[in-house]
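Remarks on the overall topology
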Amino acid sequence: MSPRPPAKRRRRPSTARRRKATGSEELWLIGLVGLVALSLVVAVMSWLAAHPWVLVLGLLAAGAAGALWLRRRQEAARWDQARAQGLRYAVEHLDSLHHNDFEFAVRDLMHRDGCADAEKVGGRGDNGADVKATDPYGRRWVIQCKHRKAGWQGSAVGTPDLQVLNGTGRQIHGGDVLVMLTNGRFSRPALDFAKSQHLHLVDRHLLAQWAGGSRPLWELLRAVPPPRKPSSLS
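The residue count restarts for each chain, going from 1 along the sequence in the order it is written. Local features in a predicted model are, by the rule used here, given only for residues with pLDDT of at least 70; side-chain atom pairs are given and counted only at 80 or more, and totals for whole chains, interfaces and linings are based on all residues. Excluding hydrogens and water, the side-chain figures rest on all heavy atoms present in the structure.

**Quick word on the packing of helix H4 (residues 99–112) against helix H7 (residues 204–211)**
Definition in use: Here an axis means a line fitted to C-alpha atoms, over the contact stretch when the element is a helix, while the angle between two N-to-C directions is reported on a 0 to 180 degree scale. A run of H or I in DSSP becomes a helix once it reaches four residues, and a run of E becomes a strand once it reaches two; helices and strands are each numbered from the N terminus. Should an angle fall under 35 degrees it is called roughly parallel, over 145 degrees roughly antiparallel, and 65 to 115 degrees roughly perpendicular, with every other angle called oblique. Crossing handedness follows the turn of the near helix against the far one: under a right angle anticlockwise gives a left-handed crossing, and clockwise gives a right-handed one. Contacts were defined at the residue level, with two residues in contact if any of their heavy atoms lie within 4.5 Å. Basically, the charged four are Asp, Glu, Lys and Arg, the nonpolar ten are Ala, Val, Leu, Ile, Met, Phe, Trp, Tyr, Cys and Pro, and anything else, Gly included, counts as polar.
Where H4 contacts H7, the two axes come as close as 11 Å, and the packing angle between them is 50°. Between H4 and H7, the angle is such that the two are oblique. Note on packing geometry: the crossing formed by H4 with H7 is left-handed. Where H4 abuts H7, its residues Phe102, Val106, Leu109, Met110 and Arg112 lie against Leu207, Trp210 and Ala211. A breakdown of the residues in the contact of H4 with H7 according to their chemical character gives seven nonpolar, no polar and one charged.

This is the structure in structure tokens:
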């Protein structure tokens, strides 16, 4: 008896062929979904063409919603502005703040006075600036804050702090008005140094007048540089 020939193995489809088949199915499914979506869009457009009043009502509703949203935004902006303009701080309240919150309070007061870009920048590596702002006249303000828990009874702000502000305020921060501000007091040498270098000092008494009143800081300081640009306030 002759031996039987070995059975031929059935060849499995190659991986490339299986991937090709899967890709074709995916393309076919995507095409079907696209066709259905297109049919729905055409049907909706045809229906809207036959019922134009629905489209008009939709546009009116969208317009009304947009107008309501804009009105609420404007009312919120007016409220924020009114609240900012009414901002007041008693100097005793400022005494109780953490030095970081004290800087935020100074920023808020500058914002109250119309400095829309007022920002707190104080912290490690602040290069002698805690608050920076541009007033409505285009002048750039650089303010260094020195908080004293004991207020007027605390240690006086001395010349070394003013020297830091004087060395960085114009060259690094581009300031037009350099201010050293404290809820305490300044030493006599600091007063003389500030006068010689055209630095502006805000001590406890002037801070109380500014924070508790409604006049901007540039109206309370002497010899502030002239405006950089015309303004509706000038």
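**As for the side chain of Thr168**
You can see Thr168 is positioned in helix H5 (residues 159–168). Excluding residues that lie within four positions of it along the chain, Thr168 makes contacts with Asn127, Gly128 and His173.

**Topic: the side chain of Ser187**
Which entries qualify depends on this criterion: Per-residue accessibility, obtained with a 1.4 Å probe over protein chains only, is compared with the maximum for each type, and a residue is labelled buried under 20%, exposed over 50%, and partly exposed between these values.
Checked against the element boundaries, Ser187 lands in the loop between strand S4 (177–182) and helix H6 (188–196). Take Ser187: its relative accessible area is 19%, and that puts it in the buried class. The contacts of Ser187, once residues within four sequence positions are left out, are Ala156, Val157, Gly158 and Thr159.

**Let's talk about the sheet that holds strand S1 (residues 119–120)**
Applied cut-off: Strand pairing is defined by DSSP finding a minimum of two bridges between the two strands.
If you walk across this open sheet you meet the five strands as S1-S2-S3-S4-S5, and the pairing is mixed. Since the sheet does not close on itself, it has two edges, and those belong to S1 and strand S5 (200–202), each with one partner. By the bridge criterion, two bridges tie S1 to strand S2 (residues 131–134) in an arrangement that is antiparallel. The residue bridging Glu119 from the neighbouring strand is Lys132, located in S2. The strands touched by H4 within the sheet are S1, S2, strand S3 (140–146) and S4, with S3 carrying the most contacts at an inclination of about 150°.

**Section: unusual backbone geometry**
Although it is not a glycine, His198 adopts a positive phi angle of roughly 60°. Considering the arrangement of structural elements, one finds His198 in the loop between H6 and S5. One non-glycine residue, Ala223, lies in positive phi territory at about 55°. For Ala223, the position within the fold is in the segment after helix H8 (217–220). You can call Ala223 exposed: its relative accessible area is 73%.

**Side note on the packing of H5 against H6**
With their axes 8 Å apart at the nearest point, H5 and H6 run at an angle of 20° to one another. Judged by the angle between their axes, H5 and H6 are roughly parallel. Packed against H5, whose contacting residues are Thr159, Leu162, Gln163 and Asn166, the element H6 presents Pro189, Ala190, Phe193 and Ala194 at the interface. Here the contact of H5 with H6 is built from residues that sort into five nonpolar, three polar and no charged.

**Here's the deal with a nonpolar patch on the surface**
Under the convention used in this document: To count toward a patch, a residue needs a relative accessible area above 30% and no salt bridge. Like charges then connect within 9 Å, nonpolar side chains (Val, Leu, Ile, Met, Phe, Trp, Tyr) within 5 Å. Here, Shrake-Rupley sampling with a 1.4 Å probe gives the accessible areas, and only protein chains in the shown set may cover a residue. For salt bridges, the criterion is a side-chain nitrogen of Lys or Arg within 4 Å of an Asp or Glu carboxyl oxygen.
The grouping of Trp28, Leu29, Leu32, Val33, Val36 and Leu40 at the surface amounts to a nonpolar patch, some 610 Å² of accessible area in total. Note that Val33 resides in helix H1 (residues 15–50). A residue is classified by how much of its surface remains accessible, and Val33, at 52% relative accessible area, is exposed.

These figures come from the coordinates and say nothing about function on their own.
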